[in-house]
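Structure assessment
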Amino acid sequence: MSDRNETNIATNLIDDVFAQLKESGETALIPFLTMGDPDLETSIALVQAAERAGAHMIELGVPYSDPLADGPVIQRASERALRNRISLMDCIRVASKARDRGVKLPFILFSYFNPAYQLGLEKFFGLLKINGFSGAILPDLPLEEDAETRALAEAYGIHLIPLVAPTSEARVERIAAKAKGFVYCVSSLGVTGVRSTFHEGIDSFLATVRRAASVPICVGFGISSREHAERFAGQCDGVIVGSAIVRQVEEALPLLTSSSAEERKRGLQAVEDFISDLKPRKATV
Ligand SMILES: O=P(O)(O)OC[C@@H](O)[C@@H](O)c1c[nH]c2ccccc12
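Residues numbered from 1 in each chain as written. Predicted model: local features only at pLDDT ≥ 70, side-chain atom pairs only at ≥ 80, totals over all residues. Heavy atoms only, no water.

If you check an unreviewed UniProt entry, the protein appears there as Tryptophan synthase alpha chain from Cohnella suwonensis. For the record of the protein, the UniProt heading Function (unreviewed entry) holds the text "The alpha subunit is responsible for the aldol cleavage of indoleglycerol phosphate to indole and glyceraldehyde 3-phosphate." (UniProt positions renumbered as here; feature names shortened; annotations may be inferred.)

Turning our eyes to something else, we now look at the sheet that holds strand 3 (residues 107-110). Strand order in this open sheet of nine strands is 5-4-3-2-1-9-8-7-6, and the pairing throughout is parallel. The open sheet has two edge strands with one neighbour each: strand 5 (159-160) and strand 6 (163-164). Pairing of strand 2 (residues 58-61) with strand 3, which is carried by four bridges, proceeds in the parallel orientation. In the sheet register, glutamate 59 faces strand 3, and the bridge partner there is isoleucine 108. Strand contacts of helix 9 (residues 202-212): strand 6, strand 7 (183-186) and strand 8 (217-220), with the helix running at about 165° to strand 7, the strand carrying the most contacts. (Pairing = 2+ DSSP bridges. Helix = DSSP H or I, 4+ residues; strand = E, 2+ residues; numbered from the N terminus. Contact = heavy atoms within 4.5 Å. Axes fitted to C-alpha atoms, helices over the stretch in contact; angles between N-to-C directions.)

The subject of this paragraph is the UniProt feature "active site" (unreviewed entry) in the protein. The UniProt entry lists Glu59 and Asp70 under the feature "active site" (unreviewed entry), expressed in the numbering used here. Mapped onto the elements of the fold, glutamate 59 is located in strand 2. A residue is classified by how much of its surface remains accessible, and glutamate 59, at 2% relative accessible area, is buried. Relative to the helices and strands, aspartate 70 resides in the loop between strand 2 and helix 3 (72-83). Excluding residues within four positions of it along the chain, aspartate 70 makes contact with Gln75, Tyr112, Val191 and Thr192. (Buried < 20%, exposed > 50% of the residue type's maximum accessible area, 1.4 Å probe, protein only.)

What surrounds the ligand is a group of 18 residues, the closest being Asp70, Tyr184, Gly222, Gly242 and Ser243. At a separation of 2.7 Å, an oxygen atom of the ligand approaches a polar backbone atom of glycine 222. Contact between the ligand and serine 243: an oxygen atom at 2.5 Å from a side-chain N or O atom of the residue. Here the ligand, which alone exposes 440 Å², has 99% of that area covered by the protein. Broken down by class, the residue content of the shell around the ligand amounts to eleven nonpolar, five polar and two charged. (Near = heavy atom within 4 Å. Polar contact = N/O pair within 3.5 Å; in protein donor to acceptor, adjacent residues only side chain to side chain. Areas by Shrake-Rupley, 256 points an atom, 1.4 Å probe, with all protein chains shown as cover. Nonpolar A, V, L, I, M, F, W, Y, C, P; charged D, E, K, R; others polar.)

Burial along strand 9 (residues 238-241) is two-sided: the face carrying Gly238 and Ile240 and the face carrying Val239 and Val241 are both buried. Bridge count for strand 8 against strand 9 is two bridges, and the pairing is parallel. Looking at strand 9, one finds that valine 219 is bridged to valine 239.

A few words now on the pattern of salt bridges. Evaluation of the coordinates by the stated rule reveals ten salt bridges. The residue glutamate 272 makes a salt bridge to arginine 52 at a minimum N-O spacing of 2.9 Å. In this pair, glutamate 272 sits in helix 13 (residues 261-276) while arginine 52 sits in helix 2 (residues 40-52), placing the two residues 220 residues apart along the sequence. When the shortest N-O distance is used, the salt bridge between lysine 178 and aspartate 146 registers 3.3 Å. Here lysine 178, found in the loop between helix 8 (169-177) and strand 7, pairs with aspartate 146, found in helix 7 (residues 143-155); they are 32 residues apart in sequence, far enough to count as distant. Lysine 178 gets classed as partly exposed once you look at its relative accessible area, which sits at 27%. Among the ionic contacts, a cluster of salt bridges with common partners joins Asp37, Arg76, Arg80 and Glu250. (Salt bridge = Lys/Arg side-chain N within 4 Å of Asp/Glu carboxyl O.)

Our next topic: the side chain of threonine 42. Along the chain, the position of threonine 42 falls in helix 2. Contacts of threonine 42, omitting those with residues within four sequence positions, involve Leu256 and Leu268.

Have a look at this one:
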């Protein structure tokens, strides 16, 4: 693959956006969407809607048959997408198609490890680079594959974003110290899904990650409202919202799949308005 970024002098859009947000004192809003739910064309339109809503980056989720870390909302979205036979390549191409439509957001590919491993990790990161991605999240990346995978990602200018959870205190320093892009702090134990409360030790956990990391830290899992986003804004550099947005897509499906262009537009607007209402008003510290 000729796109290996040997010199690595090119900046990474994720770093650029966090630098801008530090200047403006804003917290990053990072939506997650399941690609191909309900179809690829709608996914591209939803990426455009997320940018209009004020998202700062976006996680493009690859639907997977065995989404062990996902709650029912994202599981259903994956099932809908897989019924359309959405492939990893289809998801990767959403980024380049969205770029062709003028979307400027940094793209982060979210995939379980197996699809990337089956494709071949070097080919995977090379394709991410060619298609305009800045980062990748592989939540179940086996530790023994971690070093090689991280080296490959960086060779193609892709930040492989690590996850840390409140249970991984001992590993937090080691993971955070070598992190690129940002550290994904999981707010609660268990699977993805809207929550009303977060892990009781979340505040001290975030303080630990903040001390150990030399890159921004972002919080995900369970965030579903502006109040949630603002609760974390003072302790982190960004919030990730998945299930709450994917649920809005699910509720808008009758409109998003309508034969009427006007109804499809209303469906996209409903999701855009929901994302816009998530934006925290408070600044980061
Ligand atoms: O859905 P939530 O609770 O808002 O959490 C974000 C999450 O959707 C997204 O980052 C994600 C989707 N699937 C995952 C699996 C593991 C870790 C993270 C994820």
